[in-house]
Amino acid sequence: MLVKIHCLRERGRPLPKHQFAFKPALDGWLTVHEERDNLLNRHTRVARLRSPDNSSELLPALRDAQLVELTRERLILSGIERQEDIVLNKIEDFAQTWICWLGEQS
């Protein structure tokens, strides 16, 4: 479904409200499905946001995605965002929350 998304956290820490107010929302196609996570050695629900032309991911995938709230205007997804640093050979998981605004997109 086509949505506008605001991320509420950065590297696991909540964004201050004044910072959140000035960040633009990302427009894209939201999908949620199960897929195998080899690092966790299990299947997990994964939410992804792709660009409107469906060519590239706009945000890191949200793993272990859970629906927190659903209203007419929005849905809120919470989960884990994985950041990989190939140079340092390091993988970190952080808490993340997406507010997904529903309805007509302009």
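Residues numbered from 1 in each chain as written. Predicted model: local features only at pLDDT ≥ 70, side-chain atom pairs only at ≥ 80, totals over all residues. Heavy atoms only, no water.

**Remarks on the overall build of the chain**
Across its full length, the chain holds 1 helix and 8 strands. Ordering the α and β elements of the chain from the N terminus gives β-β-β-α-β-β-β-β-β. Taking 2.2 N^0.38 as the reference for a compact globule, 106 residues should give roughly 13 Å; the C-alpha atoms of the chain span a radius of gyration of 14 Å, in line with that estimate. Projecting the C-alpha coordinates of the chain onto the three principal axes gives extents of approximately 40 × 30 × 25 Å. (Helix = DSSP H or I, 4+ residues; strand = E, 2+ residues; numbered from the N terminus. Rg over C-alpha atoms; globule rule 2.2 N^0.38 Å.)

**Things to note about the environment of tryptophan 98**
Relative to the elements of secondary structure, tryptophan 98 occurs in strand S8 (residues 90-101). Since its relative accessible area comes to 0%, tryptophan 98 is described here as buried. When the C-alpha atoms of tryptophan 98 and alanine 47 are compared, they prove to be 9.8 Å apart, with 51 residues separating the residues in sequence. (Buried < 20%, exposed > 50% of the residue type's maximum accessible area, 1.4 Å probe, protein only.)

**Let's talk about the nonpolar core**
Ile5, Leu30, Ala47, Leu77, Trp98 and Cys100 are the most contacted members of the largest nonpolar core, which totals 13 residues. Sorting the residues of this core by element identifies strand S1 (2-7), strand S5 (42-50), strand S6 (62-70), strand S7 (74-85) and S8 as the ones contributing at least two each. Excluding residues within four positions of it along the chain, alanine 47 makes contact with Leu30, Thr31, Val32, Ala61, Leu62, Ala65, Leu77 and Trp98. (Core = buried A, V, L, I, M, F, W, Y, C linked by side-chain atoms within 4.5 Å. Contact = heavy atoms within 4.5 Å.)

**Quick notes on the pattern of salt bridges**
Scanning the entire structure with this criterion turns up 12 salt bridges. Here arginine 82 and aspartate 37 are joined by a salt bridge, their closest N and O atoms 3.1 Å apart. In this pair, arginine 82 sits in strand S7 while aspartate 37 sits in strand S4 (residues 26-37), placing the two residues 45 residues apart along the sequence. Residue class for arginine 82 comes out buried when judged on its relative accessible area of 11%. Looking at aspartate 37, the relative accessible area reads 3%, which means it is buried. Between arginine 42 and aspartate 64 there is a salt bridge, and its shortest N-O distance comes to 2.9 Å. Of this pair, arginine 42 sits in strand S5 while aspartate 64 sits in strand S6, and the two are 22 residues apart along the sequence. Its relative accessible area of 27% is what places aspartate 64 among the partly exposed residues. (Salt bridge = Lys/Arg side-chain N within 4 Å of Asp/Glu carboxyl O.)

**Details of unusual backbone geometry**
Glycine aside, residues mostly have negative phi, and peptide bonds are mostly found in the trans state. Positive phi outside glycine occurs at arginine 11, with the angle close to 55°. Position of arginine 11 relative to the elements: it lies in the loop between strand S2 (9-10) and strand S3 (13-14). Backbone geometry places asparagine 41, a non-glycine residue, at a positive phi of 60°. Tracing the sequence through the fold places asparagine 41 in the loop between S4 and S5.

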